[in-house]
Amino acid sequence: MGRTATTFTRARERWHRLPRWVRWPAWGVVGLGVLGVLAFTVLWFTVDLPEDPPELQSAVVLSADGQELAVLSKGGQRFEVPLEEVAPLVVDALLSAEDRRFYSHSGLDPIGIARALWSNVRHSGTQGGSTLTQQLVKNQYLTSERTIWRKAREAVLAAKLERTEDKDQILERYLNTVYFGRGAYGIEAAARIYFDTTAAQLDLPQSALLVGLLRAPESADPAEDMAAAEKRRAVVLSDMVANHKITKDEAEAADATPITASEQTSPVELTAGLAPHFVEWIRQQTIDAVGEDALYSNGLKVVTTLDLKAQAAAEAAIKEVITDPAAPQAALVALDLDGAIRAHVGGRDFNALQVDLARGADGGGSGRQPGSTFKPFVLEAALEKGITLGDRYAAPPTLDLTVDGQPWNVSNYGGESFGDMTVADATAHSVNTVYAQLLTEVGPPAVADAAKRMGIDAELDVFPSIALGVEEVSPLDLASAYLTLADDGTGVEPYAIVRIEDGDGKVLWEPDRPEPKDGAIDKGISRAVTHALRGVIDGGTGTAADIGRPAAGKTGTTQDSVDAWFAGYVPGYAAVVWMGYPDGATPMENVQGRRTVTGGSFPAQIWQKFMTVAMEGRDEADFPDPPAELLKESAAAELSVAPPEVDPGGSITVSGSGFDLCRASWSVAVEGTPLASTPETGSDADERSATIQLPADIAPGSYQVVARCDSGAGERTAGSATFVVRGPTTTSTESTTTTAPDATTTTTRPGNGNTTTTSSSTTSPSTTTTTAPSG
């Protein structure tokens, strides 16, 4: 007894000699340990092992108003097999990678936890801290929340499970219920889905791959990321070598075996019979948000933004307009005021083409050239620079320009010439040569910046051809940008999921949506762009899109009619329609035996049919008027000459205003002669003047002087005035004739050849004639 007391005393003395910075943390660890033991004891007596695990429940996808849209499940992909029908290699791989001490611990494995912590510190090894028993308990009885309380309950239930079932029963249950991705619950379902075989026939490379999926079934799927799948398989094989289940040579041979897993299938059941591409996108977003395991087992409710009425109208409009199965594909996206996706058609036939054409590259395909639907971004940049919708430009059929030192040839669709026209009219009729001149005014970077601010997320190269829509975008991208115009200049981001709830209605996830960008573009400029785009529908290239209420939009057709678009909106609601072949290279000629597809044909018709139904029950609203200064037309060119009369050999000064568009060159010329001023280039001054020296031998008479203006589209006449060149001084004969009453008197003024005739009542018996000297 004395020896024990002495030992205790010495230990206490050594303890007190330790510094405080050592003792206090040690006390903290001891205290946590005591609390842990107490918590475990309390839970042991208060938490009972459920008699039966809860059934797995599939997720339900709902529309914006709560109607069921789809069920996300893997019906028939859960198979139970006895442990004897599982390949021993699977068990070896599982225990080596997940729980090497499974047959020796009692549900909890302190040694395994310590080894996992040390492995994590060294950034090597794959062993986790939880035993297979703990994982089974978590999967079947608990949620996936990461809290200390859940972890403590997991430990208690694992220990109790080990007291009621033997190891082989626990291992069998685990292998029959663990999630392997692709909706496969259990090793038998995984063997069938990934390799079209059975659990009993799995070989070493297959077994290692499936066990490797357990840590990351979404990201390590070979159909999603082959490199990640190969890496996970290699790690499991290394664990098996370390656990003495296979040799190093066997591991190397298995690691060198190509992965031949089958393609991934979509576990989607469309209960509403609509929106297959949209539902598949929702499935992917839900996996990213809460994990694939939770998606297929926790009875989730995924509330989306989709409007079933609008969706049905979108799919019906495409079917009504495009009736030939061999005709091009089509996509449609509609966005409401805050960016909510109300309709989403990713293609005409999901079974034939699962690529989501509405989302472009994000949907598995690629972006498409938007053509003239990109012109509103040029217009926005031009209006910001001070150009107005009333400014006039020449609109020849073809135009050669130089931008940043590089030649650029632009032609109008069909080689049509439009003469001289305003920016507003050029927008309505989609005149390329006018918009090319606007591009030279603002520069490609300004156009790209306007597109970005309005909602285009795609990467854009800043070349001159950006003005004519050669940079690829998706329909969703374009709809987002046009919604900025529909929202009076406010930018919002599109979104598809409102929230994700668990089976009890608890919100598990909501999108982290950025605040609206008020003033993404100036409201006045946005309204002016809308004013111009209303002309597209009212009398321009998009008349087929008329829905009988205020609407604005733009047609777009790319080279050789490879892509055709109609993008339009009403206040607070935007929709975009695209047509084209999936290969991105086939012209749409003689479609349905009728015509070459342009944006103003099938796409505009689809848009009209869709919007007519989608707008039913929605209050009709008009767009706000744009500022008057953005609508004013250019002042008519005025020209004057000083002096108005001049002698041969003199000079005249020609002045005028209304020449701000003569940016390429401006000069004046005397018609019918070679007389002209030196061209003035690179100026946008409204008022101009030039002086012309007249030759000494110029013939007397009246002449017209004209201004020659080149806005970048070729020279044209803009304004004219007249002046007189005086002749030499001469003397003529003045005659006076006296006649009888009411006779006529004729007077000829010297030097001008004019004759004046008057009436007189003077009577004289004689006549006198006087002849003045000539010359």
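From a predicted model like this one, the values you see are computed outputs, not experimental measurements. (Residues numbered from 1 in each chain as written. Predicted model: local features only at pLDDT ≥ 70, side-chain atom pairs only at ≥ 80, totals over all residues. Heavy atoms only, no water.)

**Some words on the overall build of the protein chain**
Per the secondary structure count, the protein chain includes 21 helices and 24 strands. Residues counted as buried form 48% of the 775 residues belonging to the protein chain. For the protein chain, restricting intrachain contacts to residue pairs at least 6 apart in sequence, the fraction spanning at least 24 positions comes to 67%. Approximately 36300 Å² of the protein chain is accessible, and the part contributed by carbon and sulfur atoms is 50%. (Helix = DSSP H or I, 4+ residues; strand = E, 2+ residues; numbered from the N terminus. Buried < 20%, exposed > 50% of the residue type's maximum accessible area, 1.4 Å probe, protein only. Contact = heavy atoms within 4.5 Å. Areas by Shrake-Rupley, 256 points an atom, 1.4 Å probe, with all protein chains shown as cover.)

**Side note on the confidence of the model for the protein chain**
In this model, the protein chain carries an average pLDDT of 83, and 81% of its residues clear a pLDDT of 70 or more. Ranking the elements of the protein chain by mean pLDDT puts strand β23 (residues 743–748) last with 31 and strand β6 (residues 341–345) first with 98. A low-confidence stretch, residues 42–46 stays under pLDDT 50, and its non-local contacts, those more than four residues away or across chains, total 8 contacts. Segment residues 120–128: pLDDT under 50, and 18 contacts once partners within four positions in sequence are set aside and those in other chains are kept. (pLDDT = per-residue confidence, 0-100.)

**Points about the nonpolar core**
Counting 93 residues, the largest nonpolar core has Phe-278, Phe-377, Ile-456 and Tyr-569 as the members making the most contacts within it. Top element by residues in this core is helix α19 (residues 475–486). It accounts for 8 residues. When neighbours within four sequence positions are excluded, Ile-456 is seen to be in contact with Phe-377, Ala-451, Val-473, Asp-477, Leu-478 and Ala-481. (Core = buried A, V, L, I, M, F, W, Y, C linked by side-chain atoms within 4.5 Å.)

**Digging into the pattern of salt bridges**
Any two side chains of opposite charge can pair if their charged atoms end up close together. If you walk through the whole model with that rule in mind, you get 24 salt bridges. The partner of Arg-726 in a salt bridge is Asp-647, with the nearest N and O atoms 2.9 Å apart. Of this pair, Arg-726 sits in the loop between β22 (715–725) and β23 while Asp-647 sits in the loop between β17 (645–646) and β18 (651–657), placing them 79 residues apart in sequence. A residue is classified by how much of its surface remains accessible, and Asp-647, at 38% relative accessible area, is partly exposed. (Salt bridge = Lys/Arg side-chain N within 4 Å of Asp/Glu carboxyl O.)

**Some remarks on the packing of helix α10 (residues 226–242) against helix α11 (residues 248–255)**
Following both chains from N to C, one finds α10 and α11 inclined at 170 degrees, their axes separated by 9 Å at the closest point. By the angle between their axes, α10 is roughly antiparallel relative to α11. Across the interface between the two elements, Glu-230, Arg-233, Ala-234, Leu-237 and Val-241 from α10 touch Lys-248, Ala-251, Ala-254 and Asp-255 from α11. In terms of residue class, the contact of α10 with α11 is made up of 5 nonpolar, no polar and 4 charged. (Axes fitted to C-alpha atoms, helices over the stretch in contact; angles between N-to-C directions. Parallel < 35°, antiparallel > 145°, perpendicular 65-115°, else oblique. Nonpolar A, V, L, I, M, F, W, Y, C, P; charged D, E, K, R; others polar.)

**With respect to the state of the cysteines**
What the rule picks out here adds up to 1 disulfide. Residue pairing for Cys-662: its cysteine sulfur links by disulfide to Cys-709, the two sulfurs lying 2.0 Å apart. Disulfide Cys-662-Cys-709: the torsion about the S-S bond is -110 degrees, which places it as left-handed. With Cys-662 in the loop between β18 and β19 (665–670) and Cys-709 in strand β21 (residues 701–710), this pair connects stretches of sequence that are 47 residues apart. For Cys-709, a relative accessible area of 1% gives the class buried. (Disulfide = S-S within 2.5 Å.)

**Digging into the sheet that holds strand β15 (residues 573–580)**
Pairing is antiparallel across the open sheet formed by 5 strands, whose spatial order is β6-β5-β15-β14-β13. The two strands at the open ends of the sheet, each matched to only one other strand, are β6 and β13 (552–557). Each strand of the sheet is rotated relative to its neighbour by a mean of 5 degrees, with strand direction disregarded. Relative to strand β14 (residues 563–570), β13 is paired through 6 bridges, and the arrangement is antiparallel. What sits directly across from Gly-553, in β14, is Gly-568. Where helix α14 (residues 308–321) meets the sheet, it contacts β5 (329–335), β6 and β15, and its direction lies at approximately 30 degrees from that of β6. (Pairing = 2+ DSSP bridges.)

**Regarding the sheet that holds strand β20 (residues 688–693)**
The sheet built from 3 strands is open, its strands ordered β16-β18-β20 with antiparallel pairing. Edge positions in the open sheet fall to β16 (638–642) and β20, since each of these has one partner strand only. Geometrically, the sheet is characterised by an average inter-axis angle of 20 degrees between neighbouring strands, direction not taken into account.

**Digging into a negative patch on the surface**
Side chains of Glu-230, Asp-249, Glu-250, Glu-252 and Asp-255 sit close together on the surface and give a patch of like negative charge. In terms of residue count, the dominant contributor to the negative patch is α11 (4 residues). Look at Asp-249 and you get exposed, because its relative accessible area is 58%. (Patch = residues over 30% accessible without salt bridge, like charges linked within 9 Å, V, L, I, M, F, W, Y side chains within 5 Å. Lys, Arg positive; Asp, Glu negative; His and termini not counted. Charge placed at Lys NZ, Arg CZ, Asp CG, Glu CD.)

**Some words on helix α3 (residues 88–98)**
For an α-helix, the turn length of 3.6 residues means that residues three or four places apart are oriented alike. Across the 11 residues that make up α3, a large majority, 8, are buried. Those residues of α3 that sit buried are Val-90, Val-91, Ala-93, Leu-94, Leu-95, Ser-96, Ala-97 and Glu-98.

**Some words on the environment of Gln-693**
Tracing the backbone through its elements, the reader meets Gln-693 in strand β20. Gln-693 sits in the exposed class, given a relative accessible area of 52%. In the structure, Gln-693 is positioned 43 residues away from Gly-650 in sequence and 6.2 Å away in space, judged by C-alpha atoms. Setting aside chain neighbours within four positions, we find Gln-693 in contact with Gly-649, Gly-650, Ser-651 and Leu-675. Among the polar contacts listed, one links the side chain of Gln-693 to the backbone oxygen of Gly-649, at a separation of 2.5 Å. Polar side-chain contacts of Gln-693 include one of 3.3 Å to the backbone oxygen of Gly-650. (Polar contact = N/O pair within 3.5 Å; in protein donor to acceptor, adjacent residues only side chain to side chain.)

**With respect to the environment of Thr-490**
You can see Thr-490 is positioned in the loop between α19 and β11 (497–501). In the structure, Thr-490 is positioned 31 residues away from Ile-521 in sequence and 7.1 Å away in space, judged by C-alpha atoms. Not counting residues up to four positions away in its chain, the partners in contact with Thr-490 are Leu-483, Thr-484, Pro-516, Lys-517, Asp-518, Gly-519 and Lys-523. Side chain to side chain, Thr-490 and Asp-518 meet in a polar contact 3.3 Å long.

**Let's talk about the packing of aromatic side chains**
Under the defined criterion, the tally for this structure stands at 9 aromatic pairs. When the ring of Phe-374 is compared with that of Phe-377, the centres are 4.6 Å apart and the planes differ by 80 degrees; the resulting orientation is edge-to-face. Relative accessible area serves as the criterion here: at 0%, Phe-374 is assigned to the buried category. With centroids separated by 6.2 Å and ring planes inclined at 70 degrees, the aromatic side chains of Tyr-482 and Tyr-569 adopt a geometry described as edge-to-face. On the criterion of sequence distance, the pair formed by Tyr-482 in helix α19 and Tyr-569 in strand β14 is long-range, its members being 87 residues apart. Among the residues examined, Tyr-482 registers a relative accessible area of 0% and is labelled buried. One aromatic cluster is present, built from ring pairs that chain together Tyr-482, Tyr-569 and Phe-623. One cation-aromatic arrangement involves Lys-167 over Phe-102; the distance from NZ or CZ to the ring centre is 4.6 Å. (Phe/Tyr/Trp six-rings, centres within 6.5 Å; stacked < 30°, edge-to-face > 60°. Lys NZ or Arg CZ within 6 Å of the ring centre and 35° of its normal.)

**Examining the packing of helix α15 (residues 375–384) against helix α18 (residues 444–454)**
Remark: α15 packs on α18, axes separated minimally by 8 Å, with the N-to-C direction vectors making an angle of 110 degrees. It follows from the interaxial angle that α15 and α18 lie roughly perpendicular. Every residue of α18 that contacts α15 at Phe-377, Val-378, Glu-380, Ala-381 and Glu-384 is listed here: Ala-446, Val-447, Ala-450, Ala-451, Arg-453 and Met-454. Tallied by class, residues from the contact of α15 with α18 come to 8 nonpolar, no polar and 3 charged.

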